[in-house]
Amino acid sequence: MNKRISLSEIIQEVDQLPCSHPASVNIDVAQYYYCITKMLRPLLVVEIGCFIGFSTLHFAKALKELSFGKVISIDAFDHNVDAGRGMVNRQEVAEYYRKKAGLEDIITYVKGYSTLVYTKIRDQIKNKIDLLYIDGDHTVKGMFGDFNTYYDDVRVGGYIIIHDVNPEMCGVHGPRALIDHLKSYRTIPNDIELIEMPTRDGFGIAILHKKTDKRITIHLPEPKVLKRIKNKFLGKIPYFPAKIVQRPVYVLHVTIIDGQSKKPIPGSRITCLQRFNEVRIANKDGCVIIDNYLPNRYLFDISAEGYVAQSDFIIDLSAEKPLHNVTVPLIKQSC
Ligand SMILES: C[S@@+](CC[C@H](N)C(=O)[O-])C[C@H]1O[C@@H](n2cnc3c(N)ncnc32)[C@H](O)[C@@H]1O
């Protein structure tokens, strides 16, 4: 007799497919989508960009447990992947797991480019979206296009989740340009509330809460401005109008010194427990630069050969100061 496989086991299987990451969000982000769906109790989730349906399964798992709600998930499904067992067609992979999970009545996959398929699904989604998830075309043009096409159908009080909002980490700049644009015209915070959250890979997500029924269309910047946006995110030049909101990147310089001589200890190690035990090695000045941090508290293990290690060392960062310098003295081990 076939053993019944739970939805969690199916999700684990998709997580481990050869093609799954980094295209699919990582598991803790996906689990967050599951939780937020359970909390918001949406009747309709629209997802733009499902890849092989990993995030989709999490929205749908929550809806299944709630016993109501549907997910309409759009993807171009325009290239093949290696999903193991000879499966290569992404839509087939997504459909296979949808069926295996018994979620055919909750998830509908729609093949096509998001702005083009809108007319096909308009009747099902018109003014009905409670949760819109945008993780499709991450270019400025793609993001602006998705926002313009779907925003007005999000219900007042509804939510929009945008993935990949930190271009320094994920290398795509459309989501950040969209947020900056909405801020520069005061759409955020007048019509939309925004909260940003870190993710383990640093790519980040933004959660937008629609507060008013104002219809919003944003205009794609001219090509020369688009070029400036791209350059800005590649770290080349500051990009245009001062009214665009600049977001500080929090940087932490930790210098590790000998407690007695006060001389730097090159090669000393910092392990950050909250960044999945990420290890950084100090340069010749005993300094480690840690960037893209949040203003918060961080827990480190700091060690160097011949010195007593500092375990569970806490560094407090404050939002007022984007650059923090911290010196950590280590005591020599006695022979
Ligand atoms: C990062 S993946 C999505 C990952 C998925 N949300 C997850 O976490 O499991 C982006 C997907 O968007 C799709 N895509 C890109 N541009 C698109 C567009 N204009 N319309 C529809 N899908 C698009 C790609 O085919 C790709 O599968």
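What you are looking at is a predicted structure, and each value in this text was computed from that prediction instead of being measured.

Rules used in this analysis
- Residues numbered from 1 in each chain as written.
- Predicted model: local features only at pLDDT ≥ 70, side-chain atom pairs only at ≥ 80, totals over all residues.
- Heavy atoms only, no water.
- Domains from an automatic or database assignment.
- Helix = DSSP H or I, 4+ residues; strand = E, 2+ residues; numbered from the N terminus.
- Buried < 20%, exposed > 50% of the residue type's maximum accessible area, 1.4 Å probe, protein only.
- Contact = heavy atoms within 4.5 Å.
- Pairing = 2+ DSSP bridges.
- Arc of directions from axis to C-beta.
- Axes fitted to C-alpha atoms, helices over the stretch in contact; angles between N-to-C directions.
- Near = heavy atom within 4 Å.
- Polar contact = N/O pair within 3.5 Å; in protein donor to acceptor, adjacent residues only side chain to side chain.
- Areas by Shrake-Rupley, 256 points an atom, 1.4 Å probe, with all protein chains shown as cover.
- Nonpolar A, V, L, I, M, F, W, Y, C, P; charged D, E, K, R; others polar.
- Phe/Tyr/Trp six-rings, centres within 6.5 Å; stacked < 30°, edge-to-face > 60°.
- Parallel < 35°, antiparallel > 145°, perpendicular 65-115°, else oblique.
- Left-handed = near helix turned anticlockwise from the far one by under 90°.

## A short note on the domain arrangement of the chain
You'll often see interface size given as the accessible area lost when the parts meet.
Working step 1: If you check the domain split of the chain, you get domain 1 (7-233) and domain 2 (250-330).
Working step 2: The C-alpha-based centres of domain 1 and domain 2 are spaced at 36 Å.

## A few points about the side chain of S20
Working step 1: Relative to the helices and strands, S20 is located in the loop between α1 (7-15) and α2 (27-40).
Working step 2: On the accessibility criterion, S20 (0% relative accessible area) is buried.
Working step 3: Once residues within four sequence positions are removed from consideration, S20 is found in contact with V14, D15, F51 and I52.

## What about the pairing of strand β9 (residues 269-272)?
Working step 1: Pairing between β9 and strand β10 (residues 278-281): four bridges, direction antiparallel. Considered in β10, the bridge of T271 is made with V279.
Working step 2: Linkage of β9 to β10, two consecutive antiparallel strands, is achieved through a turn of five residues, within which F276 is found at a positive phi near 55°.
Working step 3: In the sheet, β9 pairs with strand β12 (residues 297-303) via four bridges, with the strands oriented antiparallel.

## Describing α1
Working step 1: Among the residues making up α1, those that are buried are L7, I10, I11, E13 and V14. Seen end-on, α1 carries its buried residues on one side only, within an arc spanning 155°.
Working step 2: Summarising the contacts, the buried residues of α1 are in contact with α2, α3 (54-66) and α4 (90-100).

## Brief notes about the sheet that holds strand β13 (residues 310-316)
Working step 1: One open sheet accounts for four strands, arranged β10-β9-β12-β13; its pairing is antiparallel. Two strands lie at the open edges of the sheet, namely β10 and β13, each paired on one side alone. In this sheet, neighbouring strand axes are inclined to one another by 30° on average, regardless of whether the strands run parallel or antiparallel.

## Considerations on the site of the ligand
Working step 1: By nearness alone, 20 residues border the ligand, and V25, G49, D75, R90 and D135 come closest of all.
Working step 2: A distance of 3.1 Å is found between a nitrogen atom of the ligand and a backbone nitrogen or oxygen belonging to A76.
Working step 3: Its free accessible area being 600 Å², the ligand has 88% of it covered by the protein chains.
Working step 4: Here the residues of the shell around the ligand are counted per class, giving eight nonpolar, six polar and six charged.

## So, the sheet that holds strand β5 (residues 154-163)
Working step 1: Within the open sheet, the seven strands sit side by side as β3-β2-β1-β4-β5-β7-β6. Their pairing is mixed. Because the sheet does not close on itself, it has two edges, and the strands there are β3 (107-111) and β6 (192-197). With direction set aside, neighbouring strand axes in the sheet form an average angle of 15°.
Working step 2: Where β5 lies against strand β7 (residues 205-210), five bridges are found, and the strand directions are antiparallel.

## Things to note about the packing of aromatic side chains
Working step 1: One pass over the full model with this rule turns up seven aromatic pairs.
Working step 2: Ring centres of F77 and Y109 lie 6.1 Å apart, and the angle between their planes is 75°; this geometry places the pair in the edge-to-face category. In this pair, F77 is assigned in the loop between β2 (70-75) and α4 and Y109 in strand β3, connecting sequence segments 32 residues apart. Neither residue differs from the other here; F77 and Y109 are each classed as buried.
Working step 3: Residues Y96 and Y97 carry aromatic rings whose centres are separated by 4.8 Å and whose planes lie at 90° to one another, so their mutual orientation is edge-to-face.

## Things to note about the pairing of β7
Working step 1: Burial analysis of β7 places five of its six residues in the buried class, which makes it a mostly covered element.
Working step 2: Relative to β7, β6 runs antiparallel, the two sharing six bridges. The residue of β7 that forms the bridge with E193 is H209.

## Some thoughts on the packing of helix α6 (residues 140-150) against helix α8 (residues 174-184)
Working step 1: Between α6 and α8, whose axes approach to 7 Å, the crossing angle comes to 55°. Here α6 is positioned oblique relative to α8, judged by the angle of their axes. In this structure, the crossing between α6 and α8 has a hand that is right-handed. Across the interface between the two elements, V140, M143, F144 and F147 from α6 touch G174, P175, A177, L178, H181 and L182 from α8.
Working step 2: Across the contact of α6 with α8, the residue classes break down as eight nonpolar, two polar and no charged.

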